[in-house]
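Here is how the chains run, residue by residue.
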Amino acid sequence: MSSLVVGRLAPSPTGALHLGNARTFLLAWLSVRSRAGRLILRIEDLDGPRVKPEATRTLIHDLRWLGLDWDDGPDVGGPNGPYVQTERTERYQRAVEQLNAAGQLYPCVCSRTDIQNAASAPHPGEDGPRYPGTCQGRFEDGAAATRFAGREPAWRVRVPAEEITFCDELLGNVSMDVSRLAGDFVVQKNNGTPAYQLAVVVDDAAMGVNEVVRGDDLLSSTPRQIVLQRYLELPRPAYYHVPLVIGPDGLRLAKRHGDTRLSAFRDAGIEAHRVVGLLAHWCGLAAPGESLTPQQLLPRFDWRRLPLSPVVCDRQRALEQL
Ligand code: GLU
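Described below are features of the structure shown in this document.

What counts, and at which threshold
Residues numbered from 1 in each chain as written. Predicted model: local features only at pLDDT ≥ 70, side-chain atom pairs only at ≥ 80, totals over all residues. Heavy atoms only, no water. Pairing = 2+ DSSP bridges. Helix = DSSP H or I, 4+ residues; strand = E, 2+ residues; numbered from the N terminus. Axes fitted to C-alpha atoms, helices over the stretch in contact; angles between N-to-C directions. Buried < 20%, exposed > 50% of the residue type's maximum accessible area, 1.4 Å probe, protein only. Phe/Tyr/Trp six-rings, centres within 6.5 Å; stacked < 30°, edge-to-face > 60°. Lys NZ or Arg CZ within 6 Å of the ring centre and 35° of its normal. Salt bridge = Lys/Arg side-chain N within 4 Å of Asp/Glu carboxyl O.

**A word on the sheet that holds strand β4 (residues 154–157)**
The strand order across the open sheet built from three strands is β3-β4-β7, with neighbouring strands paired in antiparallel fashion. The open sheet is flanked by β3 (105–108) and β7 (185–188), the only strands paired with a single partner. Across the sheet, the mean angle separating the axes of adjacent strands is 45 degrees when strand polarity is ignored. Bridge analysis of β3 against β4 gives four bridges, and the strand direction is antiparallel.

What follows is the structure, encoded as structure tokens:
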């Protein structure tokens, strides 16, 4: 087996890059590049209503402005493309068929918000209550025409009633009982859109990704993804869930904390290497006020230097530190 590290940047084009997600992407880049690995840019644009038309171009521009690069991606091509999820739907469809053929899915006609939101990664507050299993066993012996009560169903995966345990590279052993926390979760919405949980698992495997670096607000998605990896017999990548950047109110960095988009600092005349210096300082890799490129950080990079508590910041604090 090859020991090449393969990582990915997987932004959703639902908004501009801000200091919080830029820091996570810098860490993902450093982790791969410091070990001469391969990096993929994958655009996660399945959530139609939330995706903004110009956002992919802006994201790519912002990432490049910071000094990050990738080997495979929508703008550079690569052996496992396409690198935009809406262009990969037949792959997700095949996985849904495989799960269904193995009896691991059931149709669901409930009108619940977890179905509406399934195409996006569930960030805190977006994950609805546990699905109580209302549609489990409901359509097993109905006549074909009336099977789904005249409605297009969503599809849910049957989750085993057990603790799913994995070893996060930063947090150590994590154990969660998906059946208790989320219940049977959606893998395909009733309009045919694949769910984030399914798409990410299918793509990471198809693209040979063996290292996932992402915000720890997605920690509760990982056991769901492990359930799907088991059912689909796909390998499990190494996971690094990194602490988030939060506002002084303790909430995930957002508009209410002022404009922390990279473009806002760029437009204010602040140079990229000062922003990288601030992000690196938050990662335990630079002194306050240092100016650096991502390349210059490579010899310093060490996961053990990353503080495991969230960074507290808003626009004003960032400006004071830049
Ligand atoms: N596209 C997801 C998001 O921006 C991240 C998915 C992942 O890293 O697994 O929230």
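Now, onward.
**Looking at helix α7 (residues 222–232)**
Where burial is concerned, most of α7 is hidden: nine out of the 11 residues are buried. Taken together, the buried positions of α7 are Thr222, Pro223, Arg224, Gln225, Ile226, Val227, Leu228, Gln229 and Leu232. Glutamate 233 sits one or two residues past α7 and shows a positive phi near 55 degrees.

**Points about the packing of aromatic side chains**
In this description, an aromatic ring pair is defined by two values, namely the gap between the centres and the angle between the planes. For the structure on display, the rule yields three aromatic pairs. The aromatic ring of tryptophan 70 is capped on one face by arginine 64, whose charged end is 4.1 Å from the ring centroid. Against the face of tryptophan 65 rests arginine 266, its NZ or CZ located 5.1 Å from the ring centre.

**Topic: the pattern of salt bridges**
Taken as a whole and judged by the stated rule, the model has 24 salt bridges. The salt bridge involving aspartate 204 is made with arginine 8; its shortest N-O contact spans 3.1 Å. Of the two residues, aspartate 204 sits in helix α6 (residues 196–206) while arginine 8 sits in strand β1 (residues 6–9), which places them 196 residues apart along the sequence. Taken as a pair, aspartate 204 and arginine 8 share a single burial class, namely buried. Salt-bridge contacts for arginine 261 lead to aspartate 259; the nearest nitrogen and oxygen are separated by 2.8 Å. Residue arginine 261 is classed as partly exposed on the basis of its relative accessible area, which comes to 39%.

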